[in-house]
Amino acid sequence: MSEQPRASFGGKLSAILVAAGSAIGLGSIWRFPYMAGENGGAAFLLVYLICVFVVGIPVMLGEFAVGRATKKNAVGGYRSLSRSWQWLGYSGVLCALLISGYYYIVAGWSLEYMVSSFGGLYTSKVTFSEQFAQFQISPRQAIYTVIFILLTHLIIIRGVVKGIEKASKVMMPALLVILIIMAVRVAFMPGAGEGYLFFLKPDFREAFSAETIFKAVGQAFFSLSVGMGCMVTYASYFKQNNNLTGTSMSVALLTLMVAVLAGLVIFPAVFSAGLEPAEGASLIFITLPEIFKDMPLAQVWSAAFFLLLTLASLTSTISFHEVLTAYFAEEYNLSRKWATRLTSALSVVLCMVSLLWVFDINFAGIKVENISCFDIFDYLSANILMPLGGLLTCIFVAWWMKQKFLRDEITNYGKMKGRAFPLLWFTLRYVTPLLIVYIFVRNLGLM
Ligand code: PHE
């Protein structure tokens, strides 16, 4: 495997950096606190932790194996192992489209907050939550969304190695440092204690509610970028001597660290400022300014944080953009340039649909008012398609394929010992799939 026409990432560290760059993003910093706030705080954290280890890491390893063994995009990867499984790749492509339809919007919020840190955010007389509501009905929201898609487009067009690797290397350590500083800062805010209780002291009855488990498993998939072919696509650029197990563990632990830190920043601040943890998607955008506003150099801290959040989001948008770009380029023989253009154009269209279309559902006894495509795209991708993709990945890797396939990839064809392999095999074959099935069944109210 010394020469391959396809691009590949630099070395071991690069593989970790790019995969963690995909995983760490709005999922951990925006979605995790908002989901935890709506689903029982510490109970959610507990289930999320379990899901990362029992579901996230094993599925990620399965995807790594498929990607690196085949060196293809998600659809081509599964197809070259088994024709009948190519639709697992298609489900990933569909999922990448759904995520593209709303993730850029939230990333655009981060961009807006970075800019307005020096604009009106801290000088306006209006509360932070009103400011957020005003921003959501202004055309600026659409403009920032499109700017974000363009930024992603520009990085992708420069090619896999240069673009993705560089962007990931800069922002991660800086993001961790600023989160730690903020976590220390909020500890001194009056009333912070209640926030720690909410986030760290689980109510076990809540932890085992079907809803909490369902949402936490979705969050684990989303935050680790697994279950939709993204890690297949990225691993297709890994080198043959990368240690897959070590890479997946590092990615999961880094992601977990960022999510827990985000919780340790947000919840004390929520309670200190008298806000609601179950505020929803706007949670971090109305809570974080509360932290910065009384700090010396408030605007600088705020702009620095949102800059880092923007960069973290960018390394994630690049990754699902790449799922689509690699798919279009390789499956339809398009040049990378045109595949990138097509992906970006589709992203713009989908985001505009999300921004403009709000409707009511009144169908077969289900009545929901004011639902937007934004929520539907999020729900379908994180809570349905990704866990389903994860379940099928387990079945494919640990039941359909021979054991040798996974063992070869995990041990780099015998070059490494692979002591944890039996545990991984058992988990992928039984524990993970049964858990996912159980969660779905229970959530449907059948158990
Ligand atoms: N994991 C990313 C985040 O947490 C989102 C993502 C999902 C990226 C799926 C790629 C694929 O922000």
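Note that the structure is predicted; figures quoted are calculated from it, not measured.

Caption draft 1: Expanded view of the packing of aromatic side chains. Scanning all chains against the criterion turns up 38 aromatic pairs. Relative to F320, the ring of Y104 lies with its centre 5.6 Å away and its plane at 75°, an arrangement referred to as edge-to-face. With Y104 in helix α5 (residues 86-116) and F320 in helix α15 (residues 298-331), the pair connects residues that are 216 residues apart, well separated along the chain. Y104 gets classed as buried once you look at its relative accessible area, which sits at 0%. By relative accessible area, which is 5% here, F320 ends up buried. Where F132 meets F285, the ring centres are 5.6 Å apart and the plane angle is 20°; that geometry is what we call stacked.

Caption draft 2: Inspection of the environment of V18 at higher detail. Mapped onto the secondary structure, V18 falls in helix α1 (residues 12-23). Here the alpha-carbon distance between V18 and V251, two residues 233 residues apart in the chain, equals 9.2 Å.

Caption draft 3: Representation of the pattern of salt bridges within the structure. Enumeration according to the criterion identifies nine salt bridges in this entry. Close ionic contact of E112 with R140 constitutes a salt bridge, the shortest N to O distance being 2.9 Å. Residue E112 is found in helix α5, and its partner R140 is found in helix α7 (residues 140-157); the two are separated by 28 residues along the sequence. R140 sits in the partly exposed class, given a relative accessible area of 38%.

Caption draft 4: Layout of the side chain of T212. On the secondary structure map, T212 appears in helix α11 (residues 210-224). When sequence neighbours within four positions are dropped, the list of residues in contact with T212 reads N39, A43, F44, V47, E206 and A207.

Caption draft 5: Broad picture of the environment of L324. When you line up the elements, L324 lands in helix α15. Since its relative accessible area comes to 0%, L324 is described here as buried. Separated by 114 residues in sequence, L324 and A210 have C-alpha atoms that sit 33 Å apart. Setting aside residues no more than four positions away along its own chain, L324 makes contact with V93, A96, L97, S100 and T343.

Caption draft 6: Geometry of the environment of M35. Structurally, M35 is set in helix α2 (residues 26-38). Along the chain, M35 and G280 lie 245 residues apart, while their C-alpha atoms are 7.5 Å from each other. Those residues in contact with M35, other than ones at most four positions away along the chain, are F44, K215, Q219 and D378.

Caption draft 7: Spatial organisation of α2. Given a rise of 1.5 Å per residue, 13 residues ought to cover 18 Å, and the 17 Å separating the end C-alpha atoms of α2 matches this to within 8%. The largest bend in α2 is about 35°, located at F32, with the proline P33 one to four residues further on. The buried fraction of α2 is high, at 12 of 13 residues. What α2 keeps buried is the set L26, G27, S28, I29, W30, R31, F32, P33, Y34, M35, A36 and G37. Note on α2: the residue one or two positions beyond its end, G40, has a positive phi of about 90°.

Caption draft 8: Here's a closer look at the site of the ligand. The immediate surroundings of the ligand are formed by 17 residues, with A23, G27, Y103, F222 and S225 found nearest. Within the backbone of L26, a nitrogen or oxygen atom sits 3.2 Å from an oxygen atom of the ligand. A distance of 2.9 Å is found between an oxygen atom of the ligand and a backbone nitrogen or oxygen belonging to G27. Protein contact buries 100% of the 320 Å² of open area that the ligand shows by itself.

Rules used throughout
- Residues numbered from 1 in each chain as written.
- Predicted model: local features only at pLDDT ≥ 70, side-chain atom pairs only at ≥ 80, totals over all residues.
- Heavy atoms only, no water.
- Phe/Tyr/Trp six-rings, centres within 6.5 Å; stacked < 30°, edge-to-face > 60°.
- Helix = DSSP H or I, 4+ residues; strand = E, 2+ residues; numbered from the N terminus.
- Buried < 20%, exposed > 50% of the residue type's maximum accessible area, 1.4 Å probe, protein only.
- Salt bridge = Lys/Arg side-chain N within 4 Å of Asp/Glu carboxyl O.
- Contact = heavy atoms within 4.5 Å.
- Expected span 1.5 Å × (residues − 1).
- Bend = angle between axes of the 7 residues up to and from the residue.
- Near = heavy atom within 4 Å.
- Polar contact = N/O pair within 3.5 Å; in protein donor to acceptor, adjacent residues only side chain to side chain.
- Areas by Shrake-Rupley, 256 points an atom, 1.4 Å probe, with all protein chains shown as cover.

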